[in-house]
Each structure stands twice: as structure tokens, then as C-alpha cells.
Amino acid sequence: MEYRLLDGKATAARLRAEIAAEVEQIVKNGGRRPALTAILVGNDPASQTYVANKDKSCKEVGFAGDVLRLPETTTQEELIKIVNDINANSSIDGLIVQLPLPKHINPQAVIAAISPDKDVDGFHPQSAGKMMLGEETFLPATPMGIMTLLKEYKINTAGMNCVVLGRSNIVGRPMANLLSQKGIPGDCTVTMCHSRTKDLAKYTREADIIVAALGIPNFVSADMVKEGAIIVDVGINSVEDKSRKSGYRLVGDVDFDAVAPKCSYITPVPGGVGPMTIVSLMQNTLKAYKAKAL
Ligand code: GUN
């Protein structure tokens, strides 16, 4: 089958340009720049890359971006105190705490301390609850970016069988929720599969859309996919590759080379979901800024 790439890189670049134009207009009219603060605790290499990419994207769209890098030994109380200080700082519009946090910190306690007005990750219980009810709120960046990508490619998902692989609070659960909601995209019949699912391939073989968010390199193989399916690959896995100068390369949760020829649409890794996640965070930050400015 002739497949089409769902080009997250190009789509995100277009959306970034729209945000940048809006920010320039705000600044021209004498407004301050929207500001996003990211807190990174510890030295997790993947988190460092993600936060650096978010910071770079902030700069590209003209936001005031700031990264607070805190030592691994930071206590939960210290972290919550910093969150409270940022909540009270009226010149900061959005706050994210990069996950995972070190083991001695309860992530839910920290997320609950973030002001819902600044919760541009959409992880606060109030944001999650509103999303579940279909109310206006900040949506988590990765599922939001995937919804935007499907919309940009004018894919009408109504009535489709969608299988979401993974049940994390960051991707799987909100993704299943959004795809099942009324709307375009949306109106899917959603099945959530996870590590305890029996005969997982039975579900994926029936799927019109598969969203893979398991964190297992090349997990989805060609025999698990029906002809003409739409594949969204959330995985960003670093695997050893001695032929590369860096010694590694990034692969998704989907065996792209084997699966792509069976698909109607598929996201590449890198250049698919990743850039859409970051631009969604930028959109949420602009939304937080505008909600305050009004
Ligand atoms: N860790 C993995 N994805 C995310 C995300 O979207 N936001 C935060 N804060 N942490 C993450």
C-alpha cells in the first residue's frame, strides 16, 4: 500500500510560525512575552533532552523560557515551595515539572501543587477531570499534539476502531479519552491495551488506528497490523547502533520499515509525535497567557 507520512516536524513548524507571529504582534502592541518555566530535578538523560527541546522551542516562538535545574537531592517540600513561588509569580504563565521525578518525590503531590491556571501540561487533577468531562481545559501535550496532527491531515476518525497501547497518565489514558469524545477527530471506538492484556495482537489486527505508547522498541510488527491502518508511534527509544557516530539511534515502538507498507498513514520517529508534543505545550502556554491577559 502507498502510505503517507504524518509529518509532525513540518506540521509543528507551521504551527510554531503561527504562534511566533501572534507573539510578535503582542510585543509590537506593548505586551510582555508569554513565559514558560520548566523544572527539571536530577540528571535523567532523556528528560534533559526533552527539557532542552522545550526551551529551544520557547525561544523560537518568542516566549520567555526558563529552565530551573535542581539537584537530584531536592526534597519534595523544597520542590513544592518552588512551585508555590512560581504560582505566585504573575510574570510566569505556564509551569511544567518534568517527569519522572526522583523516587523520593511523589509526583502527584507536586503536580497537585501547580496552579491549574498555569498547568500547561494538563496533568493537574482539575485539568484531568475537566478533560474527562469534555470541558475546556489544558490538554496533555502528547495526546493533544496527536489530535492536532490527525486534524491537520483531515483524517475523519468517526466510527473507527482505535487501539491505544499503554495506559500512562501522560499518554495512554488521556489519548483514549480524547479519541472517544465527540468531535473531529474523535468518535472512535477505543480499546486500551497494556502489559497485562491477553492476546494483544487480536486487538491491534482489528484496529483502524493504533497509537503505540509502550516504550518498547519496534514492539508493533507487520503481522499485528491490518492493511490500511493508521499508525501513530509515540515511542522514542534509544537503541545501540555502532554504525552511527553517537553509537545509538532513536526508534519508535513500531517496526517502521516492516509496518509502513501496510499503512495508509504513519508517523515517523523522529519527526512525528515528538515535535507535535512540544508545539502543543507552546499552544497551551499562549492560551494560559491570553486567559490571564483578558
Ligand atoms: N515526561 C514525559 N513526557 C512528559 C510531558 O509531556 N511533560 C512532563 N512534564 N514530563 C514528561
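Check the entry above for the structure.
Keep in mind the model is a prediction, meaning the values are calculated, not measured.

What counts and what doesn't
- For every chain, the first residue of its written sequence is number 1, and the numbers climb from 1 along that sequence.
- A pLDDT threshold of at least 70 governs which residues receive local features in this predicted model, and a stricter bar of 80 or more applies before side-chain atom pairs are shown or counted, although totals over entire chains, interfaces and linings include all residues.
- In computing side-chain values, all of the structure's heavy atoms are included and hydrogens and water are not.
- Only protein atoms enter the calculation, which uses a 1 Å grid: trapped sets of points that fit a 1.4 Å probe without letting it out are cavities, open sets showing protein on both sides within 12 Å along at least five of seven lines are pockets, and any residue with an atom within 4 Å of a point is a lining residue.
- Grid points are joined across faces, edges and corners, and a volume is the space filled by probe spheres set on the points.
- In DSSP terms, a helix is any run of H or I states spanning at least four residues, a strand is any run of E spanning at least two, and both are numbered starting from the N terminus.
- By the convention adopted, Pro, Cys, Tyr, Trp, Phe, Met, Ile, Leu, Val and Ala count as nonpolar, Lys, Arg, Asp and Glu as charged, and the other residues, Gly among them, as polar.
- We call a residue near a molecule or strand as soon as one heavy atom of that residue lies within 4 Å of the molecule or strand.
- Two N or O atoms count as a polar contact when they lie within 3.5 Å, although within protein this holds only if one can serve as hydrogen donor and the other as acceptor, and sequence-adjacent residues are included solely when both atoms are side-chain atoms.
- Only the protein chains shown count as covering a residue, and every accessible area follows the Shrake-Rupley method with a 1.4 Å probe.
- We call a set of buried residues a nonpolar core when its members are Ala, Val, Leu, Ile, Met, Phe, Trp, Tyr or Cys and they connect through side-chain atoms within 4.5 Å of each other.
- Per-residue accessibility, obtained with a 1.4 Å probe over protein chains only, is compared with the maximum for each type, and a residue is labelled buried under 20%, exposed over 50%, and partly exposed between these values.
- Here, residues are in contact when the closest pair of their heavy atoms is within 4.5 Å.
- Helix span is expected to be 1.5 Å times the residue number reduced by one.
- Here the arc refers to the set of directions running from the helix axis out to each C-beta atom.
- The aromatic pairing rule takes the rings of Phe, Tyr and Trp, using the six-membered ring of Trp, and pairs them if the centres are within 6.5 Å, calling planes under 30 degrees apart stacked, those over 60 edge-to-face and the rest tilted.
- Lines fitted to C-alpha atoms define the axes, with helix axes restricted to the stretch in contact, and inter-axis angles between N-to-C directions lie between 0 and 180 degrees.
- Put simply, angles under 35 degrees are roughly parallel, angles over 145 are roughly antiparallel, angles from 65 to 115 are roughly perpendicular, and the rest are oblique.
- In what follows, salt bridge is the name for a side-chain nitrogen of Lys or Arg lying within 4 Å of a carboxyl oxygen of Asp or Glu.

**Q** Describe in detail empty space enclosed by the protein, supporting the description with residues and values.
**A** One pass over the structure, following the stated rule, counts 2 cavities of 30 Å³ or more. Computed from the structure, the largest cavity encloses a volume of approximately 50 Å³. The wall of the largest cavity is formed by Leu 36, Thr 37, Ala 38, Val 51, Lys 54, Asp 55, Cys 58, Gly 65, Asp 66, Val 67 and Ile 96. Listing elements by their share of the lining of the largest cavity, those giving two or more residues are strand 2 (35-41), helix 2 (45-61) and strand 3 (64-70). Broken down by element, the lining of the largest cavity gets its largest block of residues, 4 residues, from helix 2. Grouping the amino acids of the lining of the largest cavity by side-chain chemistry returns 6 nonpolar, 2 polar and 3 charged. Within this model, the second largest cavity holds a volume of roughly 40 Å³. Leu 95, Ile 96, Val 97, Ile 111, Ile 114, Asp 119, Asp 121 and Phe 123 together form the lining of the second largest cavity. Per-element accounting of the lining of the second largest cavity gives the leading share, 3 residues, to strand 4 (residues 94-97).

**Q** Explain the site of the ligand to me, and be specific about the residues and the numbers.
**A** Around the ligand, the surrounding shell consists of Lys 54, Val 97, Gln 98, Leu 99, Asp 121, Phe 123 and Ile 170. Val 97 has a polar backbone atom sitting 2.8 Å from a nitrogen atom of the ligand. Between the ligand and Leu 99 there is a distance of 2.9 Å, counted from a nitrogen atom to a backbone nitrogen or oxygen. When the ligand is considered free in solution it has 280 Å² of accessible area, and contact with the protein chains removes 85% of it. A class-by-class count of the residues in the shell around the ligand yields 4 nonpolar, 1 polar and 2 charged.

**Q** Give me the lowdown on the nonpolar core, citing residues and values where you can.
**A** By size, the foremost hydrophobic cluster in this structure holds 50 residues, and its most contacted members are Leu 179, Val 211 and Met 282. Broken down by element, this core gets its largest block of residues, 9 residues, from helix 10 (residues 273-293). Sequence-distant contacts of Val 211, defined by excluding residues within four places in its chain, comprise Ile 146, Cys 162, Val 163, Val 164, Leu 165, Met 175, Leu 179, Val 232 and Val 234.

**Q** So what's going on with helix 3 (residues 76-87)? Which residues, and what values?
**A** Compared with an ideal rise of 1.5 Å per residue, which puts 12 residues at 16 Å, helix 3 spans 16 Å between its outermost C-alpha atoms and is within 8% of the ideal. Along helix 3, the positions that sit buried rather than exposed are Gln 76, Leu 79, Val 83 and Ile 86. For helix 3, the angular spread of buried residues about the axis comes to 85°, placing them on one side. Opposite its buried face, helix 3 presents the exposed residues Glu 77 and Lys 81, each directed more than 90 degrees away. Residues of helix 3 that are buried in the fold lie against strand 2, strand 3, strand 4 and helix 4 (107-113).

**Q** Give a detailed account of the packing of aromatic side chains, specifying residues and quantitative values.
**A** The geometry of an aromatic ring pair is captured by two quantities: the separation of the ring centres and the angle between the planes. Tallying each qualifying case throughout the model produces 2 aromatic pairs. Here Tyr 153 and Tyr 265 contribute two aromatic rings whose centre-to-centre distance is 6.3 Å and whose plane-to-plane angle is 75°, an arrangement assigned as edge-to-face. Pair noted here: Tyr 153 is in the loop between helix 6 (141-152) and strand 5 (161-165) and Tyr 265 is in strand 11 (residues 263-266), with a separation of 112 residues, a long-range link.

**Q** Give me the packing of helix 1 (residues 8-28) against helix 2: which residues, what numbers.
**A** The geometry of helix 1 relative to helix 2 is characterised by a closest axis approach of 8 Å and an angle of 50° between their N-to-C directions. One finds that helix 1 runs oblique with respect to helix 2. Residues Arg 16, Ile 19, Ala 20 and Val 23 of helix 1 touch helix 2, and the partners they reach there are Ser 57, Glu 60 and Val 61. Its residues assigned to classes, the contact of helix 1 with helix 2 comprises 4 nonpolar, 1 polar and 2 charged.

**Q** Provide a residue-level description of the pattern of salt bridges, including the pertinent values.
**A** In the structure shown here, the tally under the stated rule is 14 salt bridges. Asp 85 is the partner of Lys 81 in a salt bridge, and the nearest nitrogen-oxygen pair spans 3.0 Å. Within this pair, Lys 81 and its partner Asp 85 are both found in helix 3, separated by 4 residues, close to a single helical turn. The partly exposed category is assigned to Asp 85, whose relative accessible area is 42%. Residue Glu 136 is joined to Lys 287 by a salt bridge in which the shortest nitrogen-to-oxygen separation is 2.5 Å. Of the two residues, Glu 136 is situated in the loop between helix 5 (125-133) and helix 6 and Lys 287 in helix 10; the sequence distance between them amounts to 151 residues.

Just distances and angles here, no functional claims.
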